[in-house]
Amino acid sequence: MTRLPSHFYAMIDPAGGHEPVSLAGTFLDAGARIMQLRLKDAPGRDFLAAACAIAELCRRRGAILIVNDRVDIAMLAGAHGVHLGQQDLPLEAARRIAGAGETQIIGISTHTVEQARAAEDGGADYIGFGPMYSGGLKNIAAGMGLDKLRAIRAAVTIPIVAIGGITQARVPETLAAGADAVAIITDVVNAPDIGAKVRSILALARN
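What comes next concerns the included structure.

## With respect to the overall build of the protein chain
So, step 1. For the protein chain, the helix and strand inventory stands at nine helices and eight strands.
So, step 2. Taking 17 Å as the expected radius of gyration for a compact globule of 207 residues, we find that the protein chain reaches 16 Å, a close match to that expectation.
So, step 3. For the protein chain, the spread of C-alpha atoms along the principal axes amounts to about 40 × 40 × 30 Å.
So, step 4. Per-residue burial for the protein chain yields a buried fraction of 49% across its 207 residues.
So, step 5. Considering only contacts in the protein chain between residues 6 or more positions apart, those separated by 24 or more positions represent 59%.

The following block contains the structure:
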């Protein structure tokens, strides 16, 4: 993947208490074109069921579904890709598993210039970078900030998805500092009208 389809990277996360398939539908209705299913504590069979249903929704709407952590679930559901953290399966191993199936996109979470370069050299399609700011879902004490994002942008050519403590108000400065897309959880899933929030973010982040 040389380019992300949108500057808003939606995160399907249960943090706001929303049912995953319903939340994905809300995102798609609001115009989201790439989203990640992130169910850290869900049993495998529930994760797979949600992934299969959401992958079908995405296929109908021409959107991209990325599954967090689980290459097996991504492949079984027919998702477009998988996103891996530094402690998950190594990129090379994930590529060997996913290479024969539909799951072609692999994103890697990175926190340093060295990790970002290693991900690009290893064949990652995009990287996640963060946490950008304090707060957010993980209640980060101190974020990486815009200068570190600029350093990552200077170090790699593949797309960067910034994540961590990003709110709607911070979208413009985060994109201006070199992110290709912003992943937002808390500010979106806790919004009184999620569809309206997503549309507002998309309006800020026009290609």
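## Topic: the side chain of N68
So, step 1. Within the secondary structure layout, N68 lies in strand β3 (residues 64–68).
So, step 2. On the accessibility criterion, N68 (6% relative accessible area) is buried.
So, step 3. Setting aside chain neighbours within four positions, we find N68 in contact with Q36, L37, R38, K40, F47 and H83.

## Here we look at the sheet that holds strand β2 (residues 34–37)
So, step 1. Spatial strand order, β1-β2-β3-β4-β5-β6-β7-β8: eight strands in a closed barrel with parallel pairing. Sheet twist, expressed as the mean angle between neighbouring strand axes with direction ignored, is 25 degrees.
So, step 2. For strand β4 (residues 81–84) and strand β5 (residues 105–110), the ladder comprises four bridges, and the chain directions are parallel. Pairing of H83 across the sheet is with G107, part of β5.
So, step 3. Packing of helix α5 (residues 113–121) onto the sheet brings it into contact with β5 and β6 (126–129), and relative to β5 it is tilted by some 165 degrees.

## Considering helix α6 (residues 146–155)
So, step 1. Along α6, the residues classified as buried are L146, L149, I152 and A155.
So, step 2. Residues of α6 that are buried make contact with α5, β6, β7 (160–163) and α7 (171–176).

## Comments concerning the packing of α5 against α6
So, step 1. One way to put it is that α5 packs onto α6 with a least axis distance of 9 Å and a crossing angle of 30 degrees. Viewed along their axes, α5 and α6 adopt a mutual orientation that is roughly parallel. Of the two possible hands of crossing, α5 and α6 adopt the one that is right-handed. Here α5 contributes V113, A116, R117 and E120 to the contact with α6, which in turn contributes A151, I152 and A155.
So, step 2. For the contact of α5 with α6, the class distribution of residues is five nonpolar, no polar and two charged.

## Section: the pairing of β5
So, step 1. Taken across its six residues, β5 has five buried, putting it largely inside the fold.
So, step 2. Across four bridges, β5 lies against β6 in parallel orientation. Residue pairing in the sheet places G107 in a bridge with Y126 of β6.
So, step 3. For the segment spanning β5, α5 and β6, crossover handedness is right-handed.

## Side note on the layout of surface pockets
So, step 1. In this structure, the second largest pocket encloses a volume near 160 Å³.
So, step 2. If you trace the second largest pocket, you find it lined by L84, G85, Q86, D88, L89, P90, L91, I108, Q115, A118 and A119.
So, step 3. Of all the elements, α5 adds the most residues to the lining of the second largest pocket, at three residues.
So, step 4. Per-class residue counts for the lining of the second largest pocket are seven nonpolar, three polar and one charged.

Quick notes on the rules
- Residues numbered from 1 in each chain as written.
- Predicted model: local features only at pLDDT ≥ 70, side-chain atom pairs only at ≥ 80, totals over all residues.
- Heavy atoms only, no water.
- Helix = DSSP H or I, 4+ residues; strand = E, 2+ residues; numbered from the N terminus.
- Rg over C-alpha atoms; globule rule 2.2 N^0.38 Å.
- Buried < 20%, exposed > 50% of the residue type's maximum accessible area, 1.4 Å probe, protein only.
- Contact = heavy atoms within 4.5 Å.
- Pairing = 2+ DSSP bridges.
- Axes fitted to C-alpha atoms, helices over the stretch in contact; angles between N-to-C directions.
- Parallel < 35°, antiparallel > 145°, perpendicular 65-115°, else oblique.
- Left-handed = near helix turned anticlockwise from the far one by under 90°.
- Nonpolar A, V, L, I, M, F, W, Y, C, P; charged D, E, K, R; others polar.
- Right-handed = clockwise from strand over helix to strand, strands pointing away.
- 1 Å grid on protein atoms, 1.4 Å probe; cavity = no way out; pocket = protein on both sides within 12 Å on 5 of 7 lines; lining within 4 Å.
- Points joined across faces, edges and corners; volume = space filled by probe spheres on them.

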